[in-house]
Amino acid sequence: MYSVIKKRIGDDMNDIEILNGKLKKEFDENKNYFTLERYVMSELLSPIEDYFNAINIIERNSNLIEGLNLYYIAAYLSVELRLESNVFLEKLNSMIDMVKDEDKAIIHYLNTYFISCSVENWRTSESYRCNLLESIEYSKNSKFVNNRFDFSKILEGKGAEEYLREAMENVEIVETKETLETKSINYWLSSQRFVDEFILGTHLSQEAYQYKFGKLLTS
């Protein structure tokens, strides 16, 4: 990914770390949601990938946050880093009754992701199963791949295949190296891009698509 992104930055900013420094300066000089989002997302790009700092930036500037994307990303990264306390997931859970169904679906899914990384026998956890089912139910009118894909993994036989096929039908975009090379830097600095790729799973790389659905593609 590093070479793909670097190719799109341009001659005036030929290094992602320089871009990151520029975005930090822009945020320090003009603190609003737009500059916050771009600065945070630049922290996640290779070769920086400073997830801890991205989480800290979000936490320190929660008063600037608009929408839920950065909270989703911080909750997801906190799970990835195996942090004992996931304050972002706790915050999302506290507001679950007040948000749209699409957001409820994501919050329930993030709970399953947390369980899968913190509970030893998560595959047989009733909480894991229930949160996945809630996520699937709340996303019946929207596109969501990962909840259906993960649910297929704890089923057997026909049921597993049905959910796997449903997951594949929810994929919206499969990106190749060639299509990624056409993306502007604004694409990589978008929080929605991260949510679509890593949380919803609706926008996948060709490699990820093959990994998830290769069995169906060859049957």
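Presented here is a report on the structure given in the accompanying data block. Treat the numbers as computed from the prediction; the structure is a model and nothing was measured. (Residues numbered from 1 in each chain as written. Predicted model: local features only at pLDDT ≥ 70, side-chain atom pairs only at ≥ 80, totals over all residues. Heavy atoms only, no water.)

Moving on, we get to the overall build of the protein. Helices and strands together make up the secondary structure of the protein, namely 14 helices and two strands. C-alpha atoms of the protein, sized along the principal axes, occupy 55 × 40 × 30 Å. Across the protein, every contact between residues at least 6 apart in sequence was considered, and the portion connecting residues at least 24 apart equals 60%. Approximately 11,600 Å² of the protein is accessible, and the part contributed by carbon and sulfur atoms is 47%. Each charge class in the protein can be summarised by its mean position, and for the 26 positive and 37 negative side chains these summaries are 2 Å apart. (Helix = DSSP H or I, 4+ residues; strand = E, 2+ residues; numbered from the N terminus. Contact = heavy atoms within 4.5 Å. Areas by Shrake-Rupley, 256 points an atom, 1.4 Å probe, with all protein chains shown as cover. Lys, Arg positive; Asp, Glu negative; His and termini not counted. Charge placed at Lys NZ, Arg CZ, Asp CG, Glu CD.)

A separate point is unusual backbone geometry. Cis geometry marks the peptide bond from Ser 46 to Pro 47, where omega comes out at 10°. Its location among the elements puts Pro 47 in the loop between α3 (33–43) and α4 (51–60). Positive phi is not limited to glycine here, since Arg 82 has a value of about 60°. Within the secondary structure, Arg 82 sits in the loop between α5 (69–80) and α6 (87–94).

Among the structural elements, Asp 15 can be located in the loop between α1 (2–9) and α2 (16–29). With relative accessibility at 21%, the residue Asp 15 sits in the partly exposed group. With 32 residues separating them along the chain, Asp 15 and Pro 47 place their C-alpha atoms 9.8 Å apart. (Buried < 20%, exposed > 50% of the residue type's maximum accessible area, 1.4 Å probe, protein only.)

What follows deals with the nonpolar core. By size, the foremost hydrophobic cluster in this structure holds 55 residues, and its most contacted members are Leu 36, Leu 92 and Leu 110. The element best represented in this core is α5, accounting for nine residues. If we skip the residues at most four places from it in the chain, Leu 92 touches Leu 68, Tyr 71, Tyr 72, Ala 75, Ile 107 and Leu 110. Core analysis: the second largest hydrophobic core is formed by 10 residues, Val 145, Val 171, Tyr 209 and Leu 216 among them. (Core = buried A, V, L, I, M, F, W, Y, C linked by side-chain atoms within 4.5 Å.)

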